[in-house]
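# Inside the fold
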Amino acid sequence: MRTLAIETSCDDTSLAIVNYEDWFFDIEKILLHSQIAEHTKFGWVIPELASRLHEAKVIDLVDKLWLEEIKKVDFISYTCCPGLPWSLLVGRTLANTLSLFLNKELTPVHHINWHILSILCDENIKNIQFPFVALTVSGWHNNLYIVEQDILSPDLKSINKSGLDTLATYIEELQNNYSLDQDDLITKVWNLKFTKIWFTLDDAAGEVFDKVSRMLGGPYPGGKWIWDKAKLWKKMNFDFPRIWLKKKEFNFSFSWLKASANYKIQEIKKEIWEELDEQTICSIAYEFEQAVVETLWKKLLKSAKHFWIKNIALVGGVSANEELKTFITNHKEKFWINNFYTPKKPLYSTDNAAMIWVAGIIENLKDF
Ligand code: KG4
Ligand code: ZN
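Bear in mind the structure is a predicted one, so any value in this text is a computation, not a measurement.

### Re the overall build of the chain
Helix and strand counts for the chain come out as 15 helices and ten strands. Across the 368 residues that make up the chain, the buried fraction comes to 54%. For the chain, the share of sequence-separated contacts (at least 6 apart) that also reach a separation of at least 24 residues comes to 75%. Of the roughly 16900 Å² of accessible surface on the chain, a fraction of 53% belongs to carbon and sulfur atoms.

### Some thoughts on the packing of helix α12 (residues 278-306) against helix α13 (residues 322-331)
Their axes nearest at 9 Å, the elements α12 and α13 cross at an angle of 40°. Taken together, the axes of α12 and α13 are oblique relative to one another. Note on packing geometry: the crossing formed by α12 with α13 is right-handed. From α12, Glu289, Gln290, Val293, Leu296, Trp297, Leu300 and Leu301 reach across to α13, where they touch Glu323, Leu324, Phe327, Ile328 and His331. Looking at side-chain class alone, the contact of α12 with α13 contains eight nonpolar, two polar and two charged residues.

### Some points on α12
If you check α12, its first and last C-alpha atoms are 42 Å apart, about what 29 residues at 1.5 Å a residue would give, namely 42 Å. Extensive coverage of α12 is indicated by the burial of 22 of its 29 residues. Positive backbone phi, approximately 60°, marks Trp308, located one or two places after α12.

### Quick word on the layout of surface pockets
Empty space among the atoms becomes apparent when a probe as large as a water molecule is rolled across them. Estimated volume of the largest pocket: approximately 880 Å³. What lines the largest pocket is a set of 35 residues, and nearest its centre among them are Gly139, Pro221, Gly317, Val318 and Thr350. Of all elements in the fold, only β3 (24-34), α5 (111-116), α9 (205-215), α10 (223-230) and α14 (346-349) reach the threshold of two or more residues within the lining of the largest pocket. In terms of domain composition, the lining of the largest pocket takes at least three residues from each of domain 1 (2-116 + 347-364) and domain 2 (128-341).

### So, the sheet that holds β3
Sheet architecture is open: five strands sit in the order β3-β2-β1-β4-β5, paired in mixed fashion. Every interior strand has two partners, whereas the edge strands, β3 and β5 (105-110), have only one. Ignoring which end each strand starts from, the neighbouring axes of this sheet average 20° apart. In the sheet, strand β1 (residues 2-7) pairs with strand β4 (residues 75-81) via four bridges, with the strands oriented parallel. Bridge assignment links Leu4 to a residue of β4, and that residue is Ile76. Along the sheet face, helix α2 (residues 47-65) touches β1, β2 (12-21) and β3 and points at about 35° away from the line of β2. On the sheet, helix α4 (residues 85-102) packs against β1, β2, β4 and β5 and is oriented at approximately 160° with respect to β4.

Conventions used here
The residue numbering used here restarts from 1 in each chain and proceeds along that chain's sequence as written. Both sets of labels track the order of writing: A upward for chains, 1 upward for ligands. At least 70 in pLDDT is required for a residue's local features to be given in this predicted model, at least 80 for side-chain atom pairs to be given and counted, and no such filter applies to totals for whole chains, interfaces and linings, which use all residues. Remark: hydrogens and water are excluded; side-chain values derive from all non-hydrogen atoms of the structure. Elements are defined by DSSP. Helices are runs of H or I of four residues or more, strands are runs of E of two residues or more, and each kind is numbered from the N terminus. Burial classification: accessible surface area is computed with a 1.4 Å probe over protein chains only, and a residue below 20% of its type maximum counts as buried, one above 50% as exposed, and the rest as partly exposed. Whether two residues are in contact is decided by their heavy atoms, any of which lying within 4.5 Å being enough. The accessible surface values rely on the Shrake-Rupley method and a 1.4 Å probe; as for residues, cover is taken only from the protein chains in view. The axes used here are C-alpha line fits, helices contributing only the stretch in contact, and every angle between their N-to-C directions lies in the interval 0 to 180 degrees. Note on angle classes: values under 35 degrees are labelled roughly parallel, values over 145 roughly antiparallel, values of 65 to 115 roughly perpendicular, and the remainder oblique. The crossing is said to be left-handed when, going from far helix to near helix, the turn is anticlockwise and less than a right angle, and right-handed when the turn is clockwise. Polar here means any residue other than Ala, Val, Leu, Ile, Met, Phe, Trp, Tyr, Cys and Pro, which are nonpolar, and Asp, Glu, Lys and Arg, which are charged; Gly is therefore polar. Every helix has an expected span of 1.5 Å times one less than the residues it contains. Every definition here rests on a 1 Å grid over the protein atoms only: cavities are sets of points where a 1.4 Å probe fits but cannot get out, pockets are open sets enclosed by protein on both sides within 12 Å along at least five of seven lines, and lining residues have some atom within 4 Å of a point. Grid points are joined across faces, edges and corners, and a volume is the space filled by probe spheres set on the points. What marks off one domain from the next here is an automatic or database domain assignment. Should DSSP find at least two bridges between two strands, the strands are regarded as paired.

Fair warning: the whole summary comes from geometry, so function is off the table for now.
Right, dumping it as structure tokens:
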């Protein structure tokens, strides 16, 4: 099953042609044009500019993929929401036009759900164990989800709970016990259910990375820049708050951390009467990053333990942060976590069309 996927929800214009065969999600071609260079001078994404840049770039990308290749796909998927309205409209218009002229089915895809499914890029679905708790963390969203297979029959539900290990075993059990045919099985297996359990009450973690980067004189987006600066830190005893870590509170809040970083920077500037030196910038970047990372990994692992779920996933732009992944990997056993899933490449962490097709394919398999 092949699909063309289109992503234009924010500041990346991305098209991908991909193939699904034998349980494996294989990316054949992916094109990505980042608008960062155009937005960085404003320090934030300018919505009107974003939609104009998408419009200027999409046809270019269609040309690069070749119409001949696009003609061979089985259906077209595109990001329908959430995102910048006019930017989404560019992707939707392209998808509708191609669908009309090439006579292809259309599948609209939810941006956050496909961030979660980015763990399937270049992956065999049989290696993924359900249910899992997913932390989606990027420039806009900072949520915790439970992702499970929505099995409608109560009997099948009890089989799922009894702790079947992998999807492969699960399918075997279903086949043996219920003599379901292949089509029936696939319908059930692909009925994924996403339940949002907790979220941020103010800023997302990526957003505070970007804002603190700006306070320190760094670029937009600032996550990677802060991470690079943090590697060069020297101990200077800055102490930033970890919000709601001690309380039994699973929601997130980052605005006080952002304000603390701002106060600290202003305080130092007043003392020295000039711009921050490199060592101070690196140390603030490090202490700030530690505060975000500790909040994220602890809340993810604690919430999995709270529900007795033994599998977790970390997705979205901030999942490109190696420090965060290392903390989760080093602490997961203490929280009885068996599997930790995260996108295989940094490219799959941030916005791109590869995930759209995974979600698009799964949507289509549901009605297979
Ligand atoms: O998922 P994404 O590409 O776009 C949104 O849906 O927002 O995420 C972008 C966010 C930005 O805030 C960026 O600063 C952050 O991901 N980010 C990082 C890293 N790479 C990107 N944050 C921390 N460490 C990184 N290495
Ligand atoms: Zn995103």
